[in-house]
Amino acid sequence: MKKTLLALIAVAAMTGSASAADLAARPYVKAPAPAPVANWTGFYIFGGGGGGLSNADQSVVNTVTGAPLTITQRQGGSGWFGTVGLGYDWQFSGTWVAGVFADGQFGSIRATIQDPIFRITGSQKLEDSWAAGVRLGWLVAPNVLSYVNGGYSGAHFGQTNFTDLAGVPVGAHLGSYNRNGWFIGAGVENSLNIFGITSPGWFMKTEYRSAFYNAKTQTELLDAGNVPLANSIRANSWNQTVSTSLVYRFNWTGPVVAKY
């Protein structure tokens, strides 16, 4: 019995030594780092530029009666513009961002205006516009926001000077005017902390926008004394733009990773 007890004690001692050796050799495993988080809530400003297309559905009508003299046809054009603006975003439910913003655009986007009865043509220039709206976005990644937007827009169109088919001025024009409308758009905004570059608070966004302005009837005028002519032109305006802007966020605090 005594010999059996001594044997059991020896076996237990050897097992304990082996277990202690195994524990001593086990490597240390660092706890996994938490997922990156970012805070998109706060104010921002931006500025940039781009290009656009302009289309106008137009017809010629009688100045006195308003009766249509031609069918409605679509004329188009293109141009460039610059933009500046500001806004405020709220981040909620982790990956959703909602915000309000306002911006202004200035430049030279033109659309053709024609009166085939008098065989004259001109160029209608969108000189400047502004927009105020809302946007809703989803975070594709902590530093990347995809979004849609929409809202109210106003625009100023410059004077249209008519020429004949040979490009010679005919001494007639359409006056400048303002129009109101609405817009929809979509875009992507991403942090510039990429490719090893550190630029906290700086972002870049690229956006497509369609703006629609109500139709207006304008009387053709002689340059001398603004005397009204027999014909008027009724046209609306649809403008599509693509812009790229540099954005600065005043409160950018992410993404951050806890340190150990």
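Up top is the structure these notes are about.
For clarity, every value in this text was computed on a predicted model and none was experimentally measured.

Visitor: Which residues make up the overall build of the protein chain, and what are the values?
Guide: Within the protein chain one finds one helix and 10 strands. Counting from the amino terminus, the protein chain carries its helices and strands in the arrangement α-β-β-β-β-β-β-β-β-β-β. With the model as given, the accessible surface of the protein chain reaches about 14,300 Å², and the carbon-plus-sulfur share is 66%.

Visitor: With reference to specific residues and values, describe the environment of Phe118.
Guide: Examined against the element boundaries, Phe118 turns out to sit in the loop between β3 (96-115) and β4 (120-141). It is 8.8 Å that separates the C-alpha atoms of Phe118 and Asn231, two residues lying 113 residues apart in sequence. Those residues in contact with Phe118, other than ones at most four positions away along the chain, are Glu220 and Asn231.

Visitor: Please give an account of unusual backbone geometry that cites residues and values.
Guide: One non-glycine residue, Ser93, lies in the positive phi region at around 50°. With respect to the element layout, Ser93 can be found in the loop between β2 (73-92) and β3.

Visitor: How would you explain the pattern of salt bridges if you had to name every residue and give the values?
Guide: All told, the structure shown has eight salt bridges when counted by the stated rule. The partner of Glu207 in a salt bridge is Arg209, and the shortest N-O contact between them spans 2.8 Å. Accessibility classification places Glu207 together with Arg209 in one group, the buried group. Through salt bridges that share partners, Asp89, Arg135, Glu189 and Arg249 make up one connected network.

Visitor: Which residues make up the pairing of strand β10 (residues 228-249), and what values do they have?
Guide: Pairing geometry for strand β1 (residues 42-62) and β10, over 17 bridges, is antiparallel. Bridging from a neighbouring strand, Gly52 pairs with Thr241 of β10. The sheet contact formed by strand β9 (residues 202-222) and β10 spans 17 bridges and is antiparallel. For Phe203, the partnering residue across the bridge sits in β10 and is Val247.

Parameters at a glance
- Note that residues are indexed from 1 along each chain, following the sequence as it is written.
- Given that this is a predicted model, residues contribute local features only at a pLDDT of at least 70 and side-chain atom pairs are listed and counted only at 80 or more, while totals for whole chains, interfaces and linings are drawn from all residues.
- Only hydrogens and water are set aside when side-chain values are computed; all heavy atoms of the structure are taken into account.
- Put simply, DSSP marks the helices as runs of H or I at least four residues long and the strands as runs of E at least two long, and each gets a number from the N terminus on.
- The method behind every accessible area is Shrake-Rupley, applied with a 1.4 Å probe, and residues are considered shielded solely by the protein chains displayed.
- Residue contacts follow a heavy-atom distance rule, with two residues in contact if any of their heavy atoms lie within 4.5 Å.
- Salt bridges are identified by distance alone: a Lys or Arg side-chain nitrogen within 4 Å of an Asp or Glu carboxyl oxygen.
- Per-residue accessibility, obtained with a 1.4 Å probe over protein chains only, is compared with the maximum for each type, and a residue is labelled buried under 20%, exposed over 50%, and partly exposed between these values.
- Pairing between two strands requires that DSSP report at least two bridges joining them.

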